[in-house]
Amino acid sequence: MSYQVKRINPYWNTHPMIPTAVAIGGICGLMGFALEKPMVAAAGGVVAGLAILAAAKPVLSALLGTLGLFGGLVTFIVAPGLNAATMSLPMRVASVFLFAAFYMVLMDALVLVVAVIYNLFAGVIGMGGIRLDLESSEDDEPGA
C-alpha cells in the first residue's frame, strides 16, 4: 500500500483570533522587554503562550511537556551544570517545571509553524508530499 501525506493537522483550535493573540502577546512581550517593564513583558508572554497552547492539540502539548520535564530533570537534577549546582533543591524543582512549560510552548509553536510550511509546500504550491509505502503483515490479518 502506498500513501501520500498531503496535509499535516496538529491544530486543535483554528479560530482566527489565536494567531492574533500570539502576535499581540509577542508584540507586548517585546515592547515590555525593550521598555524595561517586566510586568508587560510577562503578560505578553503569557498571552502568546496560552494562545499557542490553545492552537495545538492537547496530546501534542502533553507529549512535548513530558519531553520538557525529562529534559529539565536531566538539566537541573540529574546532571546539573555549574550554575544549577549552586541552587537549592526547591529552586531546582521550580526550574524543572518552568523549563518543561517553556519547552512545551516553544516546541508547540515550532510544530505548528512546520505544519503550516509543509501544508503550504505540499498543498498550495503542489510540490507533493511525503510518500509512505506500507506493507501488511501476516499478523494483521484476522484469525479464522
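Structural data are supplied above this passage.
I will try to describe carefully the structure that is included in this document. Since this is a predicted model, take the numbers as computed values, not measurements.

With respect to the overall build of the protein
Within the protein, the secondary structure is distributed over five helices and two strands. Beginning at the N terminus, the succession of helices and strands in the protein can be written as β-α-α-α-α-α-β. For a compact globule of 144 residues, the expected C-alpha radius of gyration is about 15 Å, and the protein comes in at 20 Å, more than 25% above that figure. C-alpha atoms of the protein, sized along the principal axes, occupy 65 × 40 × 25 Å. Taking all 144 residues of the protein together, 22% fall into the buried category.

Examining the packing of aromatic side chains
The tally for this structure, following the rule as stated, stands at two aromatic pairs. Ring centres of Phe76 and Phe99 lie 6.2 Å apart, and the angle between their planes is 70°; this geometry places the pair in the edge-to-face category. In this pair, Phe76 is assigned in helix α3 (residues 58-78) and Phe99 in helix α5 (residues 89-124), connecting sequence segments 23 residues apart. Residue Phe76 is classed as buried on the basis of its relative accessible area of 14%. For the pair Phe99 and Tyr103, a centre-to-centre distance of 6.1 Å together with 15° between the ring planes defines the contact as stacked. With a gap of four residues between them, Phe99 and Tyr103 both fall in helix α5, about one helical turn apart. Residue classification places Phe99 among the partly exposed residues on the basis of a relative accessible area of 30%.

Describing helix α2 (residues 38-55)
A rise of 1.5 Å per residue sets the reference length of α2, with its 18 residues, at 26 Å; its end C-alpha atoms lie 26 Å apart and thus fit the reference within 8%. Of the residues making up α2, those classed as buried are Gly44, Ala48, Gly49, Ala51, Ile52 and Ala55. Take α2 and look down its axis: the buried residues cluster within an arc of 160°, on one side only. Those residues of α2 that are exposed and angled more than 90 degrees off the buried face are Pro38, Met39 and Leu50. Against α1 (17-34) and α5 lie the buried residues of α2.

Examining α5
Between its first and last C-alpha atoms α5 spans 51 Å; for 36 residues at 1.5 Å apiece the expected length is 52 Å, and the two agree. By the burial criterion, the buried members of α5 are Arg92, Ser95, Val96, Ala100, Val105, Asp108, Leu112, Ala115, Tyr118, Asn119 and Ala122. Lining the buried residues of α5 we find β1 (2-5), α2, α3, α4 (82-85) and β2 (130-133). Gly126 sits one or two positions beyond α5 and adopts a positive phi of about 80°.

Things to note about the environment of Ser95
If you trace the backbone, Ser95 turns up in helix α5. Since its relative accessible area comes to 14%, Ser95 is described here as buried. When the C-alpha atoms of Ser95 and Gly72 are compared, they prove to be 7.3 Å apart, with 23 residues separating the residues in sequence. Apart from the residues within four sequence positions on either side, Ser95 is in contact with Phe76 and Met87.

About the cut-offs
- Residues numbered from 1 in each chain as written.
- Predicted model: local features only at pLDDT ≥ 70, side-chain atom pairs only at ≥ 80, totals over all residues.
- Heavy atoms only, no water.
- Helix = DSSP H or I, 4+ residues; strand = E, 2+ residues; numbered from the N terminus.
- Rg over C-alpha atoms; globule rule 2.2 N^0.38 Å.
- Buried < 20%, exposed > 50% of the residue type's maximum accessible area, 1.4 Å probe, protein only.
- Phe/Tyr/Trp six-rings, centres within 6.5 Å; stacked < 30°, edge-to-face > 60°.
- Expected span 1.5 Å × (residues − 1).
- Arc of directions from axis to C-beta.
- Contact = heavy atoms within 4.5 Å.

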